[in-house]
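# Descriptive structure summary
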Amino acid sequence: PLRLRLFIGPSAPELHNLRWETLRDPQGDSSLLTSESLLFSRYLSSFDWRPVRLRPQAELRALVVIANPNDITEYNMAALNVAEELDRAKSGLGKTPVTELTSEGSATLKNLITHLRDGYDILYLIGHGMLVENEPWLWLEDETGKTQRVSGVDLVTRLRELEQRPRLIVLASCQSAGTGEEPMIGGEGVLAALGPRLAEAGIPAVIAMQGNVTIKTINEFMPVFFQELQRDGQIDRAMAEIADLTLRRSGE
């Protein structure tokens, strides 16, 4: 396959707002970047030159963090259905062993970093967020289960300090209720804004939702993505396969 890698420099952050993955051929109005024969991904430069050491597929481990502070409604945000979010994450990760940070007071920044020091390959983070003056913030928890607002800068800094960083970070939007057809307002673009910063900090691969995504789309996306990823470990090929599936189903 032909691999198309788009490099976006730090001086042009506004280019991340464009939906590059939706490019279409003007001659036949067909999608350009959802084929396994043309694999697309966005690359960012990083000052982290440490080598990426991959472990055998059978040894991969995932850390799932679901932040649902017990006072989240005071911030005009809906409480999450943690059980459903966890089932969705486990379904997506398939046979990959999962460690959960889902109980009240466990989804703290300190706890997240402490667990990652044990060498997890995948971090799957679910929670609320917001952009404040173009800076991403996450609504995590403190030890009592109440809201602890963590800046994207703090999260990136702590991840950069790790000797062993996760090979893949998945930033998933969340929704506490609904039929699955409503748009998922994923923190007003906070996840898409945080993704590039994580990549610049040296995280080898980051998947973040851009724009409005529905629960139905997430349910269809994640299981197929991880199933395809487990075939050969190629993230761009897995993304192309699921993007093609998603577009075909949306057309139906």
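Because the structure is a prediction, the values reported are computed rather than measured. (Residues numbered from 1 in each chain as written. Predicted model: local features only at pLDDT ≥ 70, side-chain atom pairs only at ≥ 80, totals over all residues. Heavy atoms only, no water.)

Position of alanine 62 relative to the elements: it lies in strand β5 (residues 62-66). A sequence separation of 106 residues divides alanine 62 from leucine 168, and the C-alpha atoms of the two residues are 9.3 Å apart. Every residue in contact with alanine 62, bar those within four places of it in the chain, is listed here: Leu93, Thr96, Pro97, Val98, Thr99, Tyr120 and Ile122. (Helix = DSSP H or I, 4+ residues; strand = E, 2+ residues; numbered from the N terminus. Contact = heavy atoms within 4.5 Å.)

For any two helices packed against each other, one specifies the crossing angle of their axes together with the interaxial distance. As a packed pair, helix α2 (residues 109-116) and helix α3 (residues 152-160) sit with axes 10 Å apart at the nearest point and diverge in direction by 25 degrees. Between α2 and α3, the interaxial angle falls into the category roughly parallel. Considering how the two elements wind past one another, α2 and α3 form a crossing that is right-handed. Note on element contacts: α3 touches α2 through Leu155, Arg158 and Leu159, opposite Leu109, Ile113 and Leu116. Residues of the contact of α2 with α3, tallied by class, amount to five nonpolar, no polar and one charged. (Axes fitted to C-alpha atoms, helices over the stretch in contact; angles between N-to-C directions. Parallel < 35°, antiparallel > 145°, perpendicular 65-115°, else oblique. Left-handed = near helix turned anticlockwise from the far one by under 90°. Nonpolar A, V, L, I, M, F, W, Y, C, P; charged D, E, K, R; others polar.)

In the structure shown here, the tally under the stated rule is six salt bridges. Close ionic contact of arginine 3 with aspartate 236 constitutes a salt bridge, the shortest N to O distance being 2.7 Å. Taken as a pair, arginine 3 in strand β1 (residues 2-7) and aspartate 236 in helix α6 (residues 235-251) lie far apart in primary sequence, 233 residues in all. When its relative accessible area of 12% is taken as the criterion, aspartate 236 is described as buried. (Salt bridge = Lys/Arg side-chain N within 4 Å of Asp/Glu carboxyl O. Buried < 20%, exposed > 50% of the residue type's maximum accessible area, 1.4 Å probe, protein only.)

The next subject is the sheet that holds strand β8 (residues 129-132). Across the sheet, three strands lie side by side as β8-β9-β10; this open sheet has antiparallel pairing. The open sheet has two edge strands with one neighbour each: β8 and β10 (147-151). Averaged over neighbouring strand pairs, the angle between their axes works out to 30 degrees when direction is ignored. Contacts from α3 reach β9 (135-141) and β10 within the one sheet, and its direction differs from that of β10 by about 75 degrees. (Pairing = 2+ DSSP bridges.)

This paragraph deals with helix α1 (residues 82-93). With 12 residues, α1 ought to run about 16 Å at 1.5 Å a step, and its terminal C-alpha atoms sit 16 Å apart, in line with that. Taken from the residues just after α1, glycine 94 is the one with a positive phi, measuring 65 degrees. (Expected span 1.5 Å × (residues − 1).)

This part is about the packing of aromatic side chains. Counting across every chain of the model gives one aromatic pair. Ring centres 6.2 Å apart and planes at 85 degrees place the aromatic pair tyrosine 75 and tryptophan 139 in the edge-to-face group. Of this pair, tyrosine 75 sits in the loop between β5 and α1 while tryptophan 139 sits in strand β9, and the two are 64 residues apart along the sequence. Residue class for tyrosine 75 comes out partly exposed when judged on its relative accessible area of 31%. The ring of tyrosine 120 carries the charged tip of arginine 61 above its face, separated from the ring centre by 4.2 Å. (Phe/Tyr/Trp six-rings, centres within 6.5 Å; stacked < 30°, edge-to-face > 60°. Lys NZ or Arg CZ within 6 Å of the ring centre and 35° of its normal.)

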